[in-house]
Amino acid sequence: MSDRWLFRLSSLTAVLLPAGFLAGMILVYGVNVPYWDQWEIANIVVKAFEGRLSLQDLTFQQNESRLVFPRLLFIGLAYLTGYDVRYEMWGSFCLGCLVAYNVYRLGRLTLGDNLRQEVFLLFLASLLIFSLIQWENWFWGIQLSFFVPIACVTSIMSVAYSSLSVQTKFAASAVLATVSTFSFAHGMVCWIIVLPVLVLRTREELKTKRWLIGCWLIGFALNIGLYFSNYVKPAHHPSFVEAWTNLTAALSYFLALLGGPLGWGTKLNHLYQAVGVGFGMFALFVLSCIYVGRHRNDSLVVYRTFGWITLGSYTLVSAGLTTLGRLGLGMDTALSSRYATFAVPLILAGVYLIPIVLDIDRTKMSLQAEPWKTRCVFILGTVLIFLHVATTRSALAATERNWRNRLQAKAVLLFISTLPSESLTRIMYPGLGALKYYAEGLDRHRLLSPGLRKNLTIENGERRSTTRVGACGSFDHLRREEGETYFAKGWAALSDRRAPADAIVLAYKESNGSFAIFDLVVKRTQRPEIARALQRPRRLPVGWEHSFTLPQASGRPRKIAAWAVDAGTGELCKLTKAYLIDAQDGEIRELEQ
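Here the structure is a predicted model, which is why all the values come from computation and not from measurement.

A. Structural context of the side chain of Glu-88. In this structure, Glu-88 sits in helix H5 (residues 86–110). Buried charge Glu-88 goes without a salt bridge, the closest partner of opposite sign being Arg-406 at 9.6 Å. Of the polar contacts made by the side chain of Glu-88, one reaches the side chain of Gln-38; its length is 2.7 Å. Once you skip the residues sitting within four places of it in the chain, Glu-88 turns out to touch Gln-38, Phe-74, Leu-77, Tyr-83, Gly-141, Ile-142 and Leu-144.

B. Summary view of the pattern of salt bridges. On inspection of all chains with the given rule, the structure shows 17 salt bridges. Here Glu-440 makes a salt bridge to Lys-436, at a shortest N to O gap of 2.9 Å. Taken together, the positions of Glu-440 and Lys-436, both in helix H21 (residues 432–444) and four residues apart, correspond to about one turn of that helix. Overall, Glu-440 belongs to the partly exposed group, its relative accessible area being 26%. Where Lys-577 meets Glu-590, a salt bridge forms, and the shortest distance between an N and an O atom there is 4.0 Å.

C. Structural view of a nonpolar patch on the surface. Taken together, the side chains of Phe-240, Trp-244 and Leu-247 present a nonpolar region at the surface, about 400 Å² in accessible area. By secondary structure assignment, the location of Phe-240 is in the loop between helix H13 (211–227) and helix H14 (241–245). When its relative accessible area of 44% is taken as the criterion, Phe-240 is described as partly exposed.

D. View of the layout of surface pockets. Taken as a whole, the largest pocket holds about 1,200 Å³ of empty space. Taken together, 42 residues form the lining of the largest pocket, with Asn-63, Glu-64, His-237, Arg-326 and Tyr-339 sitting closest to its centre. Taken together, the elements giving at least two residues each to the lining of the largest pocket come down to helix H7 (135–138), helix H8 (144–160), helix H17 (299–326) and helix H19 (371–413). At four residues, H17 tops the list of elements feeding residues into the lining of the largest pocket. A per-class count over the lining of the largest pocket returns 21 nonpolar, 14 polar and seven charged.

E. Local environment of the environment of Thr-81. With respect to the helices and strands, Thr-81 occurs in helix H4 (residues 68–81). As for Thr-81 and Thr-178, which are separated by 97 residues in sequence, their C-alpha atoms are 27 Å apart. Of the polar contacts made by the side chain of Thr-81, one reaches the backbone nitrogen of Asp-84; its length is 3.2 Å.

F. A look at the side chain of Gln-62. If you trace the backbone, Gln-62 turns up in the loop between helix H3 (55–59) and H4. Look at Gln-62 and you get buried, because its relative accessible area is 7%. A distance of 3.1 Å separates the side chain of Gln-62 from the backbone oxygen of Asp-37, its partner in a polar contact. Here the side chain of Gln-62 touches Glu-40 through a polar contact of 3.5 Å, side chain to side chain. When residues no more than four places from it in sequence are discounted, the contact partners of Gln-62 are Asp-37, Glu-40, Ile-41, Leu-67, Arg-71 and Ile-142.

G. Main features of the state of the cysteines. Counted under the stated rule, the structure contains one disulfide. A sulfur-sulfur separation of 2.1 Å characterises the disulfide bridge that pairs Cys-472 with Cys-573. Taking the sign of the torsion about the S-S bond as the criterion, the disulfide between Cys-472 and Cys-573, at about -100 degrees, is left-handed. Here Cys-472, found in the loop between helix H22 (460–465) and strand E2 (473–480), pairs with Cys-573, found in strand E10 (residues 572–574); they are 101 residues apart in sequence, far enough to count as distant. Relative accessible area serves as the criterion here: at 3%, Cys-472 is assigned to the buried category. For Cys-573, a relative accessible area of 7% corresponds to the buried category.

H. Inspection of the packing of H8 against H17 at higher detail. One can describe the packing of H8 onto H17 by two numbers: an axis separation of 10 Å at closest approach and a directional angle of 165 degrees. Taken together, the axes of H8 and H17 lie roughly antiparallel to each other. Between H8 and H17 the crossing geometry is right-handed. Judged by residue contacts, Pro-149, Ile-150, Val-153, Thr-154 and Met-157 of H8 engage Gly-307, Thr-310, Leu-311 and Tyr-314 from H17. A class-by-class count of the residues in the contact of H8 with H17 yields six nonpolar, three polar and no charged.

I. Region of the structure containing helix H15 (residues 247–259). If you check H15, its first and last C-alpha atoms are 18 Å apart, about what 13 residues at 1.5 Å a residue would give, namely 18 Å. What H15 keeps buried is the set Ala-249, Ala-250, Tyr-253, Phe-254, Leu-255, Ala-256, Leu-257, Leu-258 and Gly-259.

J. A look at the nonpolar core. Core analysis: the biggest nonpolar cluster contains 159 residues, and Trp-39, Tyr-83, Phe-130, Tyr-352 and Leu-413 have the highest contact counts within it. A total of 13 residues in this core trace back to one element, the largest contributor, which is helix H18 (residues 340–365). In this structure, Trp-39 is in contact with Val-33, Pro-34, Leu-413, Met-428, Tyr-429, Leu-435, Tyr-438, Ala-439, Leu-442 and Leu-448, ignoring residues within four places of it in sequence. Counting 24 residues, the second-largest nonpolar core is a separate cluster that includes Phe-475, Ala-492, Tyr-508 and Ile-581.

K. Geometry of empty space enclosed by the protein. Throughout the structure, instances matching the rule amount to five cavities of 30 Å³ or more. Forming the boundary of the largest cavity are Gly-96, Val-99, Ile-129, Gln-134, Phe-147, Ile-150, Thr-341, Val-344, Pro-345 and Leu-348. Residue assignment for the lining of the largest cavity shows that the elements contributing at least two residues are H5, H8 and H18. A total of four residues in the lining of the largest cavity trace back to one element, the largest contributor, which is H18. Partitioning the lining of the largest cavity into residue classes produces seven nonpolar, three polar and no charged. The space that makes up the second largest cavity amounts to roughly 50 Å³. In terms of lining residues, the second largest cavity is bounded by Ile-133, Leu-257, Gly-260, Pro-261, Trp-264, Ala-334, Leu-335, Ser-336, Ser-337, Tyr-339 and Ala-340. Class assignment for the residues of the lining of the second largest cavity results in eight nonpolar, three polar and no charged.

L. Broad picture of unusual backbone geometry. Note that the residue after Ser-449, namely Pro-450, is joined by a cis bond; omega there is -5 degrees. Within the secondary structure, Pro-450 is located in the loop between H21 and strand E1 (457–458). With a phi close to 55 degrees, Asn-63 is a non-glycine residue in the positive phi region. Examined against the element boundaries, Asn-63 turns out to sit in the loop between H3 and H4.

M. Highlighting the packing of aromatic side chains. In the structure shown here, the tally under the stated rule is 29 aromatic pairs. Ring geometry for Phe-475 versus Trp-544: centroids 5.6 Å apart, planes at 50 degrees, classification tilted. Separated by 69 residues along the polypeptide, Phe-475 in strand E2 and Trp-544 in strand E8 (residues 543–549) bring together distant segments of the chain. On the basis of relative accessibility, which here comes to 0%, the residue Phe-475 falls in the buried class.

Rules used in this analysis
- Residues numbered from 1 in each chain as written.
- Predicted model: local features only at pLDDT ≥ 70, side-chain atom pairs only at ≥ 80, totals over all residues.
- Heavy atoms only, no water.
- Helix = DSSP H or I, 4+ residues; strand = E, 2+ residues; numbered from the N terminus.
- Buried < 20%, exposed > 50% of the residue type's maximum accessible area, 1.4 Å probe, protein only.
- Lys, Arg positive; Asp, Glu negative; His and termini not counted.
- Salt bridge = Lys/Arg side-chain N within 4 Å of Asp/Glu carboxyl O.
- Polar contact = N/O pair within 3.5 Å; in protein donor to acceptor, adjacent residues only side chain to side chain.
- Contact = heavy atoms within 4.5 Å.
- Patch = residues over 30% accessible without salt bridge, like charges linked within 9 Å, V, L, I, M, F, W, Y side chains within 5 Å.
- Areas by Shrake-Rupley, 256 points an atom, 1.4 Å probe, with all protein chains shown as cover.
- 1 Å grid on protein atoms, 1.4 Å probe; cavity = no way out; pocket = protein on both sides within 12 Å on 5 of 7 lines; lining within 4 Å.
- Points joined across faces, edges and corners; volume = space filled by probe spheres on them.
- Nonpolar A, V, L, I, M, F, W, Y, C, P; charged D, E, K, R; others polar.
- Disulfide = S-S within 2.5 Å.
- Axes fitted to C-alpha atoms, helices over the stretch in contact; angles between N-to-C directions.
- Parallel < 35°, antiparallel > 145°, perpendicular 65-115°, else oblique.
- Left-handed = near helix turned anticlockwise from the far one by under 90°.
- Expected span 1.5 Å × (residues − 1).
- Core = buried A, V, L, I, M, F, W, Y, C linked by side-chain atoms within 4.5 Å.
- Phe/Tyr/Trp six-rings, centres within 6.5 Å; stacked < 30°, edge-to-face > 60°.

Here you go:
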């Protein structure tokens, strides 16, 4: 096999390993249900299906952003997939692949002839691009908008370093910058940070076509004007003033944002770790920029480094804007998984910029690399991999929790038309009335899978179709408390997933033999002995408990039973044991089944 083919195979493997790991996680942990802000997108999808979509629906402000292009994509995906929001997650994955390709191209042009180093750095870059620490963005379809700006920035750099004509470069870059602006609030910084690299890569041609810079500035002004037309600052967001009045806290928040992707998984305080990592990355980036500044008259130095400086600048500007807009929400928000996507580009830039600077320095000194420099690069690479592994372990646990929470919320959502639960305002969307409206709109067009439950009756036929009766848990205990209140507990698990049931419903037997659901169980508890028997972690919340008031009866005993709910299919699975309650004397009799 030739060296060229070996390099290509190694490069492909370096990207596929981290990307394949993330793809597997999306397959396993992606949940097909809208979540929080995504329900407002769901309403737009319903309007599109009913022919009521307007330009205002595409351009309206959502928090600080105008998600014009993501909304268009979401509507298109809804028509193609029946609004399976997991395809939006795959959209984010595809944008990650685009970023990886752009980084690969830029690395090929700027690293030199050391193919082993190039493959190793590409592997590190792929670890960062597809890092699970961004789990909140990977597993939440609407967060695709977070990946658009960095995909546009890296694509513009690929265009800038290409052999296209200067007009084509500026035209394509302007289109990408517009897409970035109207995909996420931070996207507008694309216009500013990519202009220097465009100018440097087309310096000779611009001597006779300076009007292109004027066109660029006009395009920027038009984008800003359209963006801020009728703009209203979200009332629930803190003021920018706090960052200016508390500079120490603002600096700590800024550094924590920079180090967030590598700020988890060790025994150190997470905030301190993130601030330390952020300071280290910022210092290395600034030192590299100072070195480049000292050799700014060397066109080769500028050529090899300026693309990576642009990439790192995106993080610094984004982190600065996030600090201004989010510091008032508390220091811990700097460690939010969703902001890791803003910080990754700085670490990516450092991964490539430091070896390039050291290589330039060695070339200029006409010496072999000094041993201490080689050791420093090795130590930095080792620390990066160690912190990445540590944060990935932490992110794995968070991903599984998020998966369980989304499934439990989806199970409760199935009953929103017939038995709405206030718990949904904590786990799915803050307004129960609005959520009911959005969900029923999707259900009308069969865009929810499974569909909403239309009644609370568990028919005889449905009870017979519930598979593995008794294999999904047990209704262990029922007792009467004060007044008409009863306390129930048990455990429930879905054997095909070896995971806790997504919800539990309580039902009483009617005179016609069917069961009527009267309550949903939300509270989950740990049952270590059950989890151990299922060969699952002891802390897995397979237990449940609930207090309820029995619906009014005509004095006759009521049979009470419980069912586990599978949110993925909407199927019910009956738990073992049921209870006969005599409402007159309060006697409770266990029925073995």
